[in-house]
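Notes for the structure review
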Amino acid sequence: MLDFIQLLKQRYQTVLARLDNKNPHYFEYQHTIEQLLYAEAFLRKGKLLAESPGLPLQIAVIGPTQAGKSSVVNWLLNADLAGVSPLAGYTVHAQGYCHGVSYSALAGLQHYFGRFEALPVTALNRQRYDCYAVSESAAVSALLPVCVVWDTPDFDSIDAIDYREGLIRAIALADLVVLVVSKEKYADQAVWEVMTSIAGFGQPTLVCLNKLAEGSEAVVLESFREKWRQYRSDPVPAVVPMLFHKTAGDTVWPPEHAVALKQLAKQVQPKDYPHHRQRFLKQHWRSWLAPVQAEHAAQQRWSALVDQAIQQAAAAYRRDFLDHPHHYHTFQAALLNLLQLLEIPGVARLISKVRRVMTWPARKLWALGRESVPQSADQELAILQQIGRHLTIQLADRLYELSETEADNGIWWRDNAIALRQQKDPVLSGYVQALSEYHHDFRLEIDAAAQRLYLKLQEQPLLLNGLRATRLSTDAGAMLLAIQAGGVGVHDLLLTPLILSVTSLLAESAVGSYMYGVEAELKQRQLQAVRCVLEESLCKPLLNLPSTVQTSGRFNISEYDCLRAEQTLSEKKHGLRIL
């Protein structure tokens, strides 16, 4: 799951980088990226708990600018360890202070913080945000249990976006949270955005209302409680009111709240972590995956468009060739093969020699004609090539139309339209090559059809001999007509179709319904062969078109990866499993 959340966050960041801030998704994606940072950190915490079950209690002191977080850390530690400044944004790194804990007990923290480097406090650089510090302390405080107290950067300054990831890691690490707000800041939207984001973590919380004017405590406290009930569904936590003093040294922790943190620490139950993690992920899962699933829906729609186009292409082929009374010639080729099989043994060789001599001028003329006509002039291939070109044009138009009408996935459709325009020629070239191979290979089916007809005729010797006699007389009559006409020339181009039609009629009358069955089967085989060509050379490249688009404008997370992550999310026996 951690790997999937990191992948999802990375894709959101990549997509966001391409969006203009006027895009309706711009701020929505920014918010989602922040939620995913929280999710990543919280999943890292689960791994830390599994690897370091004896990890000391972690307390994070969080709040907006100038709320007094560092001062509260010092009050809690009973030592001036955290740097305090009147300037906003003084603290930009997460800094942990051990209370009754040795540094050696925190060995797993480096793995949790990942790319963030652990440095001494004195080595922290304000120009470098990918680091944190943990310091040992000899101070003893009656306010704290054995723990590590984290002073954190503010989350609402202008520069907070630069160090926000380190802040989020510190917040997610915490077993217990101390929210520090002032009377000027407690109602800020930034405060409640953070408190809403971490609501699913199940962290016991203590609120410190700092810098209160004397006499205003009741009003501010009630107002704060209303805000909490507005944004959080869990009970309002204990609130520690801190009165404002000109001198920070005059401020003291109210004695009535001296054991507040120790009591909250008893509520921390590491065994409840899997439940909180599952609840947190499920709370946001649908919204996080919404744009990814929108791409999946677009992919499915694209697949449906391609399938529909392939079906229409097959129907057009059937209409314009197989069922066309003037274009279909495949069965005639089978009948010509049958005529060769019907030649009388012994006589066939002599007739064949005479035929070759007399038809030489016509064959030369036909050869010259074929040289002047491109290969695509073959009726069937020409129809199929036209169908392929029409299919790609139709799909390209549909892609551009959807890029204008589908607001949510406009970029996805536009990228595919551009990809189709770039890849159309290679796709059609592969399609034409596949057609040529099909046309060559299908000759075997034509030969097989002729053989089936001939084997059927062999079952009826009288009919077979009659057809052979008809074949011989037709050939002889044609040659006699040619001799009487003064030799063979262009007339052969007219005689050949005549002979073909006569022999076809004779074959139909002799073979009857069986011949029609062979013709229908041949048509069906031809349709299946063309469907295979359409599927392999057009459908597959077009279906794979979206996966070839390498652009920063899409998520490109597969349905399989989403399904695996969702299955992990649904596991109940052992909670969520870190993949």
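Residues numbered from 1 in each chain as written. Predicted model: local features only at pLDDT ≥ 70, side-chain atom pairs only at ≥ 80, totals over all residues. Heavy atoms only, no water.

Describing the overall build of the chain
Basically, it comes down to this: Working definition: helices are DSSP H or I runs of at least four residues, strands are E runs of at least two. Numbering for both runs from the N terminus. Under the scheme applied here, a residue whose accessible area is under 20% of the maximum for its type counts as buried, over 50% as exposed, and between as partly exposed, the area being computed with a 1.4 Å probe on protein chains only. We call two residues contacting when some pair of their heavy atoms lies within 4.5 Å. Values of accessible area rely on a 1.4 Å probe in the Shrake-Rupley scheme; residue burial ignores everything except the protein chains shown.
Within the chain, the secondary structure is distributed over 20 helices and 8 strands. Counting over 579 residues, the chain shows a buried share of 47%. Residue pairs at least 24 apart in sequence account for 80% of intrachain contacts in the chain once pairs closer than 6 positions are excluded. Here the chain displays about 29000 Å² of accessible surface, and carbon together with sulfur accounts for 55% of that area.

Some thoughts on the packing of helix α1 (residues 2–18) against helix α2 (residues 26–51)
Condition: Only the stretch in contact is used when a helix axis is fitted, and all axes are lines through C-alpha atoms; the angle between N-to-C directions ranges over 0 to 180 degrees. We call two directions roughly parallel when the angle between them is under 35 degrees, roughly antiparallel when it is over 145, roughly perpendicular when it lies between 65 and 115, and oblique otherwise. A crossing counts as left-handed when the near helix is turned anticlockwise from the far one by less than a right angle, and as right-handed when that turn is clockwise. Side-chain classes are defined by residue name, with Ala, Val, Leu, Ile, Met, Phe, Trp, Tyr, Cys and Pro counting as nonpolar, Asp, Glu, Lys and Arg as charged, and the others, Gly among them, as polar.
The N-to-C vectors of α1 and α2 enclose an angle of 155°; their axes lie 9 Å apart at closest approach. Accordingly, the angle class assigned to the pair α1 and α2 is roughly antiparallel. Where α1 crosses over α2, the handedness of that crossing is left-handed. Contacts between α1 and α2 pair Leu 2, Ile 5, Gln 6, Leu 8, Lys 9, Tyr 12, Gln 13, Val 15 and Leu 16 from the former with Tyr 26, Tyr 29, Gln 30, Thr 32, Ile 33, Leu 36, Leu 37, Ala 39, Glu 40, Leu 43 and Arg 44 from the latter. Classifying every residue of the contact of α1 with α2 gives 13 nonpolar, 4 polar and 3 charged.

Focus on the pattern of salt bridges
Defined as follows: A side-chain nitrogen of Lys or Arg and a carboxyl oxygen of Asp or Glu constitute a salt bridge if their distance falls within 4 Å.
Within this structure, the stated rule accounts for 24 salt bridges. When the shortest N-O distance is used, the salt bridge between Arg 169 and Glu 165 registers 3.2 Å. Taken together, the residues span about one helical turn, with Arg 169 and Glu 165 both in helix α5 (residues 160–173) at a distance of 4 residues. With respect to burial, Arg 169 and Glu 165 carry one shared label: buried. In this structure, the salt-bridge partner of Arg 229 is Glu 222, at a minimum N-O distance of 3.3 Å.

Quick look at the confidence of the model for the chain
Note the following rule: The pLDDT score gives, residue by residue, the confidence of the prediction method on a 0 to 100 scale.
Put simply, the chain has an average pLDDT of 81, and 80% of its residues get 70 or more. Per-element averaging of pLDDT across the chain places helix α12 (residues 360–372) at the bottom with 43 and strand β1 (residues 57–62) at the top with 95. Within the model, pLDDT remains below 50 along residues 354–377, and this stretch shows 22 contacts once partners closer than five positions in the same chain are excluded. Across residues 573–579 the pLDDT falls below 50, and counting only partners more than four positions away or on other chains, this stretch makes 19 contacts in the model.

Re the pairing of strand β5 (residues 147–151)
Let me state the cut-off plainly: The pairing criterion for strands is at least two bridges between them, as found by DSSP.
Burial within β5 is extensive, with 5 of its 5 residues counted as buried. As paired elements, β1 and β5 share 5 bridges and run parallel to each other. Bridged to Leu 57 within β5 is Cys 147. Two elements, strand β2 (residues 95–99) and β5, share 5 bridges in a ladder whose sense is antiparallel.

With respect to the packing of aromatic side chains
Put simply, the test is: Ring geometry is summarised as follows: Phe, Tyr and Trp rings, the Trp one being its six-membered ring, pair when their centres sit within 6.5 Å, and such pairs are stacked at plane angles under 30 degrees, edge-to-face over 60 and tilted between the two.
Under the defined criterion, the tally for this structure stands at 24 aromatic pairs. Where Trp 192 meets Trp 228, the ring centres are 6.1 Å apart and the plane angle is 80°; that geometry is what we call edge-to-face. In this pair, Trp 192 is assigned in helix α6 (residues 189–197) and Trp 228 in helix α7 (residues 217–231), connecting sequence segments 36 residues apart. Each member of the pair, Trp 192 together with Trp 228, is buried. On the basis of an interplanar angle of 15° and a centroid distance of 5.6 Å, the ring pair of Trp 192 and Tyr 231 is categorised as stacked. Pair noted here: Trp 192 is in helix α6 and Tyr 231 is in helix α7, with a separation of 39 residues, a long-range link. In this structure Trp 192 comes out as buried when scored by relative accessible area, which is 0%. A network of ring pairs unites the aromatic residues Tyr 38, Phe 42, Phe 201, Tyr 273, Phe 280 and Trp 288 as a single cluster.

Considerations on the packing of α1 against helix α9 (residues 273–322)
It is at 11 Å that the axes of α1 and α9 come closest, and there the two elements cross at 45°. As the angle between them shows, α1 and α9 are arranged oblique. Handedness of the α1/α9 crossing: left-handed. For the pair formed by α1 and α9, the contact residues are Phe 4, Ile 5, Leu 8 and Tyr 12 on the first element and Leu 281, Trp 285, Ser 287, Trp 288, Leu 289, Pro 291 and Val 292 on the second. When grouped by side-chain class, the residues that make up the contact of α1 with α9 number 10 nonpolar, 1 polar and no charged.

Some remarks on the sheet that holds β1
With mixed pairing, the 8 strands of this open sheet are ordered in space as β3-β4-β2-β5-β1-β6-β7-β8. Edge positions in the sheet fall to β3 (117–118) and β8 (238–243), since each of these pairs with one other strand and no more. Bridge analysis of strand β6 (residues 176–182) against strand β7 (residues 205–212) gives 6 bridges, and the strand direction is parallel. Bridge pairing in β7 links Ser 182 to Asn 210.

Observations regarding the environment of Ala 67
By the secondary structure assignment, Ala 67 is in the loop between β1 and α3 (69–77). Taking C-alpha positions, Ala 67 is 6.1 Å from Val 180, a pair spaced 113 residues apart along the chain. When neighbours within four sequence positions are excluded, Ala 67 is seen to be in contact with Val 180, Val 181, Ser 182, Asn 210 and Lys 211.

Some words on the environment of Gln 278
Here Gln 278 is to be found in helix α9. Expressed as a C-alpha distance, the spacing of Gln 278 and Phe 201, which sit 77 residues apart in the sequence, is 9.7 Å.

Details of unusual backbone geometry
The phi torsion at Lys 211 lies on the positive side, around 60°, for a residue other than glycine. In this model, Asn 556 sits at a positive phi of 55°, which is unusual for a non-glycine residue. Here Asn 556 lies in the loop between α19 (545–548) and α20 (559–570). Taking relative accessible area as the criterion, Asn 556 reaches 34% and is therefore assigned partly exposed.

Focus: the nonpolar core
Keep this limit in mind: To form a nonpolar core, buried Ala, Val, Leu, Ile, Met, Phe, Trp, Tyr and Cys residues must be joined to one another through side-chain atoms within 4.5 Å.
The biggest cluster of nonpolar side chains holds 73 residues, and the ones touching the most others in it are Ile 62 and Phe 224. In terms of residue count, the dominant contributor to this core is α2 (11 residues). When near neighbours in sequence (up to four residues on either side) are disregarded, Phe 224 contacts Leu 179, Val 181, Tyr 186, Trp 192, Val 207, Leu 209 and Val 239. Judged by nonpolar contacts, the second largest core, of 54 residues, contains Ala 334, Leu 527, Val 533 and Leu 545.

Topic: the side chain of Lys 9
Relative to the helices and strands, Lys 9 resides in helix α1. When sequence neighbours within four positions are dropped, the list of residues in contact with Lys 9 reads Leu 36, Leu 37, Glu 40 and Glu 165.

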